[in-house]
Amino acid sequence: MKFTEKALVIHPFLVALSVFIVVVGVNLNWFQPSKILGEIALVGVFGALLFLVLKLVFRLDWVKFGLVYSSLIFLYFTLADAALAFQYVGSRNMFGSQGTMTNLDTVMLWIFLLLYLPVTGLCIFLVKGMTRAELMGATNLLNALTIGLILFWGVQFFQWEDEVQKAYAPLSRAFSINASVPEKMAQKPDVYFIILDGCASQNVLKKVYGYDDSAFIQTLEKMGFYIAKESRSNYLHTHSSVTSTLNCAYLDELGDRDCDSRVTRPVFVKLASDNALFRFLKQIGYKFYFVSAADAGFDSLPQADRVFHGAPLNDLILTFASNSPLRFVDYLIPLITEPSRKAA
């Protein structure tokens, strides 16, 4: 932080942290703050260091550059919301109809080029023309805003953790497996449980997406796999379906709840992480190896003897990036590489 006459310039050191905490806060049904304290601290340190480095490189005034930096960080992470608004008022007709995700990326790209870059120049122009009193007032306002966001969501996090624990405690041992096990098992069979999340059935793929995966199914059958062609999911959402499967029971104990609410979903994740099936298998001598996906809810399991992280980025980082122009990097790369592939 830096004292400048009557202003204490602290908001540039807190702005990245405050924005990140807001992203976590509005996605509490996906992330448990106590498990991502490291990521939160890392973002805060990175944002502060970035401000210091840019300040030293460009040798700009603390107050003026601080205002520009904080304003652009706030604006940078509102682009996703702006793109969604444009999409809902007809952006699909303006930018083509290649699909929802591609559309959103296209809109964000245009917003970045036509809005963010010009606003950057406008912000610099306005700050340069502000009087000292106006600069002090704006600085104090941003100080209050960043500190207020951090304090507000910090209190929300503590309250949320308490709500989740109170909802989970009576259910923590609600599920169990009572099965007879031979006293001596000559050889325990290896068990592989692989979840292809979001993979539709053969008829849905063909009917909805026009994709025929019969060759894939036939290959699996030749390899000895049994394909349950009339199977149905036990629940609509991944977390409730996995929780039910791994506890070998329906989730009647949870009652009629919104399964994707900010409290209920974390309870599902806890019940899936510490589940009846794996507890039973551990009791009869199995070792458990877990390959985690990007989903922050299922990135670790307490029964696992060893955890392999299958994705370099978890859902928290991906969500944070998707609320910024970083999301259209994946969209731009195919546009650049596809013409060269066709030419080749």
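Higher on the page you've got the structure.
Calculation criteria
Residues numbered from 1 in each chain as written. Predicted model: local features only at pLDDT ≥ 70, side-chain atom pairs only at ≥ 80, totals over all residues. Heavy atoms only, no water. Helix = DSSP H or I, 4+ residues; strand = E, 2+ residues; numbered from the N terminus. Contact = heavy atoms within 4.5 Å. Areas by Shrake-Rupley, 256 points an atom, 1.4 Å probe, with all protein chains shown as cover. Salt bridge = Lys/Arg side-chain N within 4 Å of Asp/Glu carboxyl O. Buried < 20%, exposed > 50% of the residue type's maximum accessible area, 1.4 Å probe, protein only. Axes fitted to C-alpha atoms, helices over the stretch in contact; angles between N-to-C directions. Parallel < 35°, antiparallel > 145°, perpendicular 65-115°, else oblique. Left-handed = near helix turned anticlockwise from the far one by under 90°. Nonpolar A, V, L, I, M, F, W, Y, C, P; charged D, E, K, R; others polar. Core = buried A, V, L, I, M, F, W, Y, C linked by side-chain atoms within 4.5 Å. Pairing = 2+ DSSP bridges. 1 Å grid on protein atoms, 1.4 Å probe; cavity = no way out; pocket = protein on both sides within 12 Å on 5 of 7 lines; lining within 4 Å. Points joined across faces, edges and corners; volume = space filled by probe spheres on them. Lys, Arg positive; Asp, Glu negative; His and termini not counted. Patch = residues over 30% accessible without salt bridge, like charges linked within 9 Å, V, L, I, M, F, W, Y side chains within 5 Å. Phe/Tyr/Trp six-rings, centres within 6.5 Å; stacked < 30°, edge-to-face > 60°. Lys NZ or Arg CZ within 6 Å of the ring centre and 35° of its normal.

## Overview of the overall build of the protein chain
No. 1: A count of helical and extended segments in the protein chain gives 13 helices and four strands.
No. 2: Expressed as a percentage of contacts within the protein chain between residues at least 6 apart in sequence, the contacts between residues at least 24 apart total 68%.
No. 3: A total accessible area of about 21,200 Å² is found for the protein chain, and carbon and sulfur atoms account for 63% of it.

## Examining the pattern of salt bridges
No. 1: Taken as a whole and judged by the stated rule, the model has three salt bridges.
No. 2: Notably, a salt bridge pairs Asp 305 with Lys 282, separated by 2.9 Å at the nearest N-O pair. Here the residue Asp 305 occupies a position in the loop between strand S3 (289–292) and strand S4 (306–309), and Lys 282 occupies one in helix H11 (residues 276–283), the gap between them amounting to 23 residues.
No. 3: By relative accessible area, Asp 305 is classed as partly exposed at 42%.

## As for the packing of helix H3 (residues 62–76) against helix H6 (residues 132–168)
No. 1: Contact pair H3 / H6: the axes reach a minimum separation of 10 Å and the direction vectors enclose 45°. The orientation of H3 relative to H6 falls into the category oblique. Both H3 and H6 take part in a crossing whose hand is left-handed. Judged by residue contacts, Val 63, Lys 64, Leu 67, Ser 70, Ser 71 and Phe 74 of H3 engage Arg 132, Leu 135, Met 136, Ala 138, Thr 139, Leu 142, Leu 145, Thr 146 and Leu 149 from H6.
No. 2: Within the contact of H3 with H6, the residues separate by chemical class into nine nonpolar, four polar and two charged.

## Side note on the nonpolar core
No. 1: If you look at the biggest cluster of nonpolar residues, it comprises 24 residues, and the most contacted ones within it are Ile 21, Val 24, Ile 40, Phe 157, Val 267 and Leu 271.
No. 2: Mapped onto this core, the elements with two or more residues apiece are helix H1 (11–25), helix H2 (37–58), H6 and helix H10 (264–273).
No. 3: At six residues, H6 tops the list of elements feeding residues into this core.
No. 4: Leave out the neighbours within four places in its chain, and Ile 40 touches Leu 17, Phe 20 and Ile 21.
No. 5: Listed in part, the 22 residues of the second largest apolar core include Phe 65, Cys 123, Val 127 and Met 136.

## Quick word on the pairing of S3
No. 1: Side chains Phe 290 and Ser 292 project from S3 onto a buried face, and the interleaved Tyr 289 and Val 291 project onto a face without burial.
No. 2: Bridge count for S3 against S4 is four bridges, and the pairing is parallel. Residue pairing across strands places Tyr 289 opposite Arg 306, the latter belonging to S4.

## What to know about the layout of surface pockets
No. 1: Approximately 1,600 Å³ is the volume attributed to the largest pocket.
No. 2: Taken together, 35 residues make up the lining of the largest pocket; nearest its centre are Ile 194, Leu 196, Cys 199, Ala 200 and Ser 231.
No. 3: Counting residues per element, the ones that place at least two in the lining of the largest pocket are helix H7 (202–209), helix H8 (214–222) and helix H9 (238–246).
No. 4: Here the residues of the lining of the largest pocket sort into 19 nonpolar, 11 polar and five charged.

## Focus on the environment of Lys 64
No. 1: Looking at the element boundaries, Lys 64 is found in helix H3.
No. 2: Leave out the neighbours within four places in its chain, and Lys 64 touches Val 127, Lys 128 and Leu 135.

## Digging into the side chain of Lys 55
No. 1: Within the fold, Lys 55 resides in helix H2.
No. 2: It is Asp 61 that comes nearest to the buried, bridge-free Lys 55 among opposite-charge side chains, at 7.3 Å.
No. 3: Ignoring anything within four residues of it in the chain, the contact list for Lys 55 reads Leu 60, Asp 61, Trp 62 and Phe 65.

## Concerning a nonpolar patch on the surface
No. 1: A contiguous nonpolar patch, built from Val 53, Val 57, Phe 58 and Leu 60 and spanning about 380 Å² of accessible area, is present on the exposed surface.
No. 2: Relative to the helices and strands, Val 53 resides in helix H2.

## What about the packing of aromatic side chains?
No. 1: Under the criterion given, the structure shown has 11 aromatic pairs.
No. 2: When the ring of Phe 51 is compared with that of Phe 65, the centres are 5.5 Å apart and the planes differ by 15°; the resulting orientation is stacked. Of this pair, Phe 51 sits in helix H2 while Phe 65 sits in helix H3, and the two are 14 residues apart along the sequence. For the pair Phe 51 and Phe 65, one class covers both residues: buried.
No. 3: Seen from their ring centres, Phe 51 and Tyr 69 are 5.3 Å apart, and the 50° between their planes marks the pair as tilted. Of this pair, Phe 51 sits in helix H2 while Tyr 69 sits in helix H3, and the two are 18 residues apart along the sequence. The pair Phe 51 / Tyr 69 is uniform in exposure class, with both members buried.
No. 4: Feature note: the residues Phe 13, Phe 51, Trp 62, Phe 65 and Tyr 69 constitute an aromatic cluster, connected by ring pairs.
No. 5: Cation over ring: Lys 270 sits above Tyr 168, and NZ or CZ is 5.2 Å from the ring centre.

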